[in-house]
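Chain by chain, the residues:
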Amino acid sequence: MHMNVAPHLLTEDRAEYERVLDDALSTAHARPELAGVGTRLTVAQLRAMTLNATALVTSAAASEYDHFVKVREQNRAAVGTRPPAAYDRPGPGAGVVAIFTVMVPVLAGAATVIFLLVGAVLHALAPTVAFGATLLTAGLVFGSLAAAGLLCAAVGILVTALRNSPVEVSTGGPPAAPDDELSRAREAWRHALLERGILPFLRNALAATNPSEP
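Here we summarise the structure given alongside this text. (Residues numbered from 1 in each chain as written. Predicted model: local features only at pLDDT ≥ 70, side-chain atom pairs only at ≥ 80, totals over all residues. Heavy atoms only, no water.)

1. A short note on the pattern of salt bridges
Opposite charge on two side chains permits them to pair, given that their charged atoms come into close proximity.
Next up, step 1: For the coordinates displayed, the defined rule picks out 13 salt bridges.
Next up, step 2: Salt-bridge contacts for Arg190 lead to Asp23; the nearest nitrogen and oxygen are separated by 3.6 Å. Of the two residues, Arg190 is situated in helix H7 (residues 179–207) and Asp23 in helix H1 (residues 14–26); the sequence distance between them amounts to 167 residues.
Next up, step 3: Within the structure, one salt-bridge network assembled from shared partners comprises Glu12, Asp13, Arg72, Glu73 and Arg76. (Salt bridge = Lys/Arg side-chain N within 4 Å of Asp/Glu carboxyl O. Helix = DSSP H or I, 4+ residues; strand = E, 2+ residues; numbered from the N terminus.)

Following this line, the structure appears as structure tokens:
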């Protein structure tokens, strides 16, 4: 059945209104003043009547609803005007350092392969020649240098990632309404809607029904 919407009730809050109504009807058995639910009027009948009287029911909690809408709009406006995250830009020397940290392991690794390969061949062909052992030692030295370069490159990448992480920038504007304030405003509206709007309407609807009628 079509639901009449109160002039001050926004479309996005229709579902919330229906949820409060459904909660009240589902717990009617625990409320003595709603003892006639299911006998005088069915749950479906009461729900349809309350939905058709939305304008009347919601007007009982108009002040709480207006406050809830105001807080919600302030919260949305604050989120919408929040500046994007700022990023730290690397300094002018960052490019040179990056190239150096990348080239050192590459060159050292290439020198390691060459010295170890040539030294191994010379040592195999002429074990008594000291030059082969010297090349092997140089290869080990360059291998250590390549490993150190790889470690420095990893540290540099980590530092760069930390520096480029987004940082929130404060504009000095008014702070956004916290979510807990929005939740309190919503709960205040729900409570007023239930206690001053929905429950009185259901009681009046049951009282207006003759219990002797089928």
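2. Topic: the packing of aromatic side chains
Next up, step 1: One pass over the full model with this rule turns up 3 aromatic pairs.
Next up, step 2: With a centroid separation of 6.3 Å and 50° between ring planes, the pair formed by Tyr65 and Phe68 is classed as tilted. Separated by 3 residues within a single helix, Tyr65 and Phe68 lie in helix H4 (residues 62–80), roughly one turn from each other. Comparing Tyr65 with Phe68 shows no difference in burial state: the two are buried.
Next up, step 3: A ring pair is formed by Tyr65 and Trp189, whose centres lie 4.9 Å apart and whose planes are at 50°; its orientation type is tilted. A residue pair is termed long-range when its members are at least 10 positions apart, and Tyr65 in helix H4 and Trp189 in helix H7 qualify at 124 residues.
Next up, step 4: The exposure class of Tyr65 is buried, given its relative accessible area of 1%.
Next up, step 5: Taken together, the ring pairs connect Tyr65, Phe68 and Trp189 into an aromatic cluster. (Phe/Tyr/Trp six-rings, centres within 6.5 Å; stacked < 30°, edge-to-face > 60°. Buried < 20%, exposed > 50% of the residue type's maximum accessible area, 1.4 Å probe, protein only.)

3. A word on the packing of H1 against H7
Next up, step 1: With their axes 10 Å apart at the nearest point, H1 and H7 run at an angle of 55° to one another. Of the possible angle classes, the one that applies to H1 and H7 is oblique. Of the two elements, H1 crosses H7, and the hand of that crossing is right-handed. From H1, Glu16, Tyr17, Val20, Leu21, Asp23, Ala24 and Leu25 reach across to H7, where they touch Arg186, Trp189, Arg190, Leu193, Leu194, Ile198, Leu199 and Leu202. (Axes fitted to C-alpha atoms, helices over the stretch in contact; angles between N-to-C directions. Parallel < 35°, antiparallel > 145°, perpendicular 65-115°, else oblique. Left-handed = near helix turned anticlockwise from the far one by under 90°. Contact = heavy atoms within 4.5 Å.)

4. Remarks on H4
Next up, step 1: Between its first and last C-alpha atoms H4 spans 27 Å; for 19 residues at 1.5 Å apiece the expected length is 27 Å, and the two agree.
Next up, step 2: Taken as a whole, H4 has its buried residues at Glu64, Tyr65, Phe68, Val69, Val71, Arg72, Asn75 and Ala78.
Next up, step 3: Contacts made by the buried residues of H4 are with H7. (Expected span 1.5 Å × (residues − 1).)

5. Notes on the nonpolar core
Next up, step 1: The biggest cluster of nonpolar side chains holds 31 residues, and the ones touching the most others in it are Leu46, Leu193 and Ile198.
Next up, step 2: Looking at this core, the elements that each hand over two or more residues are H1, helix H2 (43–52), H4 and H7.
Next up, step 3: Sorting elements by how many residues they give to this core places H7 first, with 12 residues.
Next up, step 4: Excluding residues that lie within four positions of it along the chain, Leu193 makes contacts with Tyr17, Val20, Val57, Thr58, Ala61 and Ile198. (Core = buried A, V, L, I, M, F, W, Y, C linked by side-chain atoms within 4.5 Å.)

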